[in-house]
Amino acid sequence: MKTKINQLLQEVDAFVINSKERLEQFRLHFLSKKGVIPALFNDFKLVAPDERKTMGMLLNELKNHAQEKLKAAQETLDTPDGKHTKGIDITLPAGRFKGGRHPISIVRREINSIFERLGYVISEGPEIEDDFHNFSALNFPPEHPARDMQDTFFIQKDPDVALRTHTSSVQVRVMEQGKLPVRIIAPGRVFRNEAISARAHCIFHQIEGLYVDKDVSFADLKQTLFYFAQEFFGPETKIRFRPSYFPFTETSAEMDVSCNICGGEGCNICKYSGWVEILGCGMVDPNVLEACGIDSNTYTGFAFGMGIERIALVKYQINDLRLFFENDLRFLEQFESL
Ligand code: PHE
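Small disclaimer: the values here were computed from a predicted structure and weren't measured.

A. View of the overall build of the protein chain. From N to C terminus, the protein chain includes 12 helices and 10 strands. Its C-alpha atoms give the protein chain a radius of gyration of 34 Å, clearly above 20 Å, the size a compact globule of 338 residues would have. A fraction of 65% describes how many contacts in the protein chain between residues 6 or more apart in sequence connect residues 24 or more apart. Of the accessible surface of the protein chain, which amounts to about 19,000 Å², a share of 52% is contributed by carbon and sulfur atoms.

B. Highlighting the site of the ligand. Around the ligand, 14 residues are found, and the nearest of them are His166, Ser168, Arg192, Gln206 and Glu208. With respect to the ligand, the side chain of Arg192 contributes an N or O atom lying 2.8 Å from an oxygen atom. Take Gln206: an N or O atom from its side chain is 2.8 Å from an oxygen atom of the ligand. Where the shell around the ligand is concerned, the elements lending two or more residues are strand S6 (203-213), strand S9 (275-284) and strand S10 (300-307).

C. Region of the structure containing the sheet that holds strand S5 (residues 182-191). Taking strand neighbours across the sheet as the criterion, the seven strands line up as S1-S5-S6-S10-S9-S8-S7 in an open arrangement whose pairing is mixed. Two strands lie at the open edges of the sheet, namely strand S1 (121-122) and strand S7 (239-246), each paired on one side alone. Of the strand pairs in this sheet, S1 and S5 are connected by two bridges, and their pairing is parallel. Within S5, the residue paired with Ile122 across the bridge is Ile185.

D. Structural context of the domain arrangement of the protein chain. One can read the domain layout of the protein chain as domain 1 (2-82) and domain 2 (103-335). Computed over C-alpha atoms, the centres of domain 1 and domain 2 are 68 Å apart.

What counts and how
Residues numbered from 1 in each chain as written. Predicted model: local features only at pLDDT ≥ 70, side-chain atom pairs only at ≥ 80, totals over all residues. Heavy atoms only, no water. Helix = DSSP H or I, 4+ residues; strand = E, 2+ residues; numbered from the N terminus. Rg over C-alpha atoms; globule rule 2.2 N^0.38 Å. Contact = heavy atoms within 4.5 Å. Areas by Shrake-Rupley, 256 points an atom, 1.4 Å probe, with all protein chains shown as cover. Near = heavy atom within 4 Å. Polar contact = N/O pair within 3.5 Å; in protein donor to acceptor, adjacent residues only side chain to side chain. Pairing = 2+ DSSP bridges. Domains from an automatic or database assignment.

Shown next, in the form of structure tokens:
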């Protein structure tokens, strides 16, 4: 039987398949029910028991070898020019979509440029932060429940090392340098331990702003954000402030813009209220200035922070935030930009 197997192996190798007809002949001769390989399997019962193991292995090898040859030949014959390109025509011109910026980058750049026109400078900082920059300096006392507002990813169970939960940490790093006045915006990725849904993700992007100088007032904050809202959402946009709480600002507020989709009439983007919440803001708490070495009797400041995904959802009328992270070309193609 061994001789027979070797002989068939050679025959399989020698068999030239250069057409569909030859392919079918190969299959009939070697592998079909009445083919020579299945016939050998029938003879297997005649093999002496102590040889069965080796013979079984050799027989299976022969069968696999023939099947692989059949499959490879089939693929080759299926491709138009007979080359091994597995059904992909590499000579076709590339697709229509030439690539472009991600919608989050488009929105980030637009927001950055509005504030740059107002004299703000872009500042960046590390994504892995210590407790001081992410919490303590921002007036979150230890054990204070406000820390639970931002579910934190800690690194290796070390309570002092975490992924930043907001880019306010960058504001602390800038203020620490002591160069006044400060007028910065801090765009970047932030991380919170939240369940992923259409409205929330554990990774998202923020842009925070900070202005510290002598005599900075809430009126300055309001006018700055009003200018931003009209530049970004259009000249008809109205704003309104609602009282809020953040440990690092006092007074604190949340700002809504009039819904640019329905113009305030009510639609499902603004949940029929005519207003969309877009950011948190407030006057920097004197404790924060002091923690960063700034004299809070001489200086005051305002800060604000917004989620880029949230603004992009409103701008492009998208109803599921997860689309920003899936990199599905059918979605991204719609944002071709320079
Ligand atoms: N850091 C806040 C957040 O992540 C946003 C904020 C920034 C609020 C500055 C007020 C002032 O939710």
